[in-house]
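Topology and contacts: notes
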Amino acid sequence: MSAYQPSMLDLMAGPSASLEPLPGRRVRHQLTAGAWVDVLPGWVHGSDPVFETLLTEVDWRAERRPMYDGVVDVPRLLRWYGRGETLPHPLLTQARDQLSAHYEPELGEGFVTAGMCLYRDGRDSVAWHGDTLGRSARHDTMVAIVSFGSPRNLMLRPRAGGAETLRFPLGHGDLIVMGGSCQRTWEHAIPKTAKPVGPRVSVQFRPINVA
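Presented here is a report on the structure given in the accompanying data block. Keep in mind that this is a model prediction, so the values were computed, not measured.

**Observations regarding the sheet that holds strand β7 (residues 77-81)**
Pairing is antiparallel in the open sheet, where seven strands are placed in the order β2-β3-β13-β10-β15-β8-β7. Looking at the sheet topology across the chains shown, the edges are occupied by β2 (27-30) and β7. Across the sheet, the mean angle separating the axes of adjacent strands is 20° when strand polarity is ignored. Relative to strand β13 (residues 175-180), strand β3 (residues 35-40) is paired through six bridges, and the arrangement is antiparallel. Residue pairing in the sheet places A35 in a bridge with G180 of β13. Where helix α2 (residues 48-57) meets the sheet, its contacts fall on β8 (113-119), β10 (143-149) and β15 (200-206), and the angle it forms with β15 comes to roughly 95°. Those strands touched by helix α3 (residues 90-107) are β2, β3, β8, β10, β13 and β15, and its axis lies near 40° from that of β15.

**Focus: the sheet that holds strand β14 (residues 186-190)**
Taken together, the four strands give an open sheet; going across it, the order is β9-β14-β11-β12, and neighbouring strands pair in antiparallel fashion. Both outer strands of the open sheet, β9 (126-129) and β12 (166-170), are each paired with one neighbouring strand and no more. Across the sheet, the axes of successive neighbouring strands diverge by a mean angle of 15°, strand direction being ignored.

**Topic: α3**
One turn of an α-helix holds 3.6 residues; hence residues three or four places apart share an orientation. Here α3 contains 18 residues, and its C-alpha end-to-end distance of 24 Å stays within 8% of the 26 Å for a straight helix at 1.5 Å per residue. Among all positions of α3, only L91, L92, A95, R96, L99, S100, Y103 and L107 are buried. Of the residues one or two after α3, G108 is the one with positive phi, at around 90°.

**A few points about the environment of R157**
Checked against the element boundaries, R157 lands in strand β11 (residues 152-158). Given a relative accessible area of 29%, R157 falls into the partly exposed group. The spatial distance from the C-alpha of R157 to the C-alpha of W60 is 29 Å, given a sequence separation of 97 residues. Aside from chain neighbours lying at most four places away, what touches R157 is W128, T165, W186 and E187.

**Thoughts on the pattern of salt bridges**
Here the idea is simple: oppositely charged side chains can pair when their charged atoms come close. Within the structure shown, the criterion is met by 16 salt bridges. Ionic pairing is found between D131 and R206, a salt bridge with its closest N-O pair at 2.9 Å. Placement of the pair is D131 in the loop between β9 and β10 and R206 in strand β15, with a sequence separation of 75 residues. On the basis of relative accessibility, which here comes to 4%, the residue D131 falls in the buried class. Relative accessible area serves as the criterion here: at 7%, R206 is assigned to the buried category. Put simply, R157 and E187 hold a salt bridge, and the shortest N to O gap is 3.0 Å. Linking R157 in strand β11 with E187 in strand β14, this pair joins segments that are 30 residues apart in sequence.

**Let's talk about the environment of T132**
Locating T132 in the fold gives a position in the loop between β9 and β10. Beyond its immediate sequence surroundings of up to four residues, T132 is in contact with A137, R159, Q183, R184 and A211.

**Observations regarding the pairing of β8**
The buried fraction of β8 is high, at seven of seven residues. The two faces of β8 match: T113, G115, C117 and Y119 on one face and A114, M116 and L118 on the other face are all buried. For β7 and β8, the ladder comprises five bridges, and the chain directions are antiparallel. When the bridges of β8 are listed, R79 appears paired with M116. Of the strand pairs in this sheet, β8 and β15 are connected by seven bridges, and their pairing is antiparallel. What sits directly across from T113, in β15, is R206.

Calculation criteria
- Residue numbering note: each chain is counted from 1, following its sequence as written.
- This being a predicted model, a pLDDT of at least 70 is required before a residue's local features are given, and a value of 80 or more before pairs of side-chain atoms are given or counted; all residues contribute to the totals for chains, interfaces and linings.
- As a convention, hydrogens and water are excluded, and side-chain values are obtained from all of the structure's heavy atoms.
- Any two strands are treated as partners once DSSP identifies two or more bridges connecting them.
- Helix and strand labels come from DSSP, where a helix needs a run of H or I of at least four residues and a strand needs a run of E of at least two; each type is numbered from the N terminus.
- Between N-to-C directions, angles cover 0 to 180 degrees, with each direction set by a line fitted to C-alpha atoms, over the stretch in contact for helices.
- Here, two residues are considered to be in contact whenever any of their heavy atoms come within 4.5 Å of each other.
- What a helix is expected to span follows from its residue count: subtract one and scale by 1.5 Å.
- Three exposure classes are used, based on accessible area relative to the maximum for each residue type with a 1.4 Å probe and protein chains only: buried under 20%, partly exposed in between, and exposed over 50%.
- Any carboxyl oxygen of Asp or Glu that lies within 4 Å of a side-chain nitrogen of Lys or Arg is treated as forming a salt bridge with it.

Any functional reading would require information that these geometric values do not contain.
In structure tokens:
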């Protein structure tokens, strides 16, 4: 895997990772059908130590899934942290707690689980989908994603069609929160890219029984 080059923010911040207060510079984008997306670039300051821990200390797992008439490799590595499971870096615990404190009045509950994806290079991706397993198939919810490593584009499009696909570039330490009806009424994806890119880790915080 290619080494990630630290950003100027990381070099200025020094070796200790920290979180910018919420809401801070957070910007909410209202979508259609009751969906919205919050974006906060550079929420994590000094992201390099967290990223290094995620690359070297997480027991990443390769999975295979049925597709059409066969079984294929999932084009990324995965790790799921359930309720009560210790996260691999203390800043991630802080991030989950800060997200819960900020969004609980609107969400009605806190974030509990942490799903993680390792995109090793531009060939790794995730296809169009909504997180509609569990309660999110019927109820509004939130999924908060913190990105570490090489920038990749998160694409969003309405399930009903008829609207332009939205592109949110996610860089090192960026936060995006998909809320309202977003998982039911919109789809998101990380497309493949032919550009030379290094590894990226996506950390997805969710309430219980949302996947």
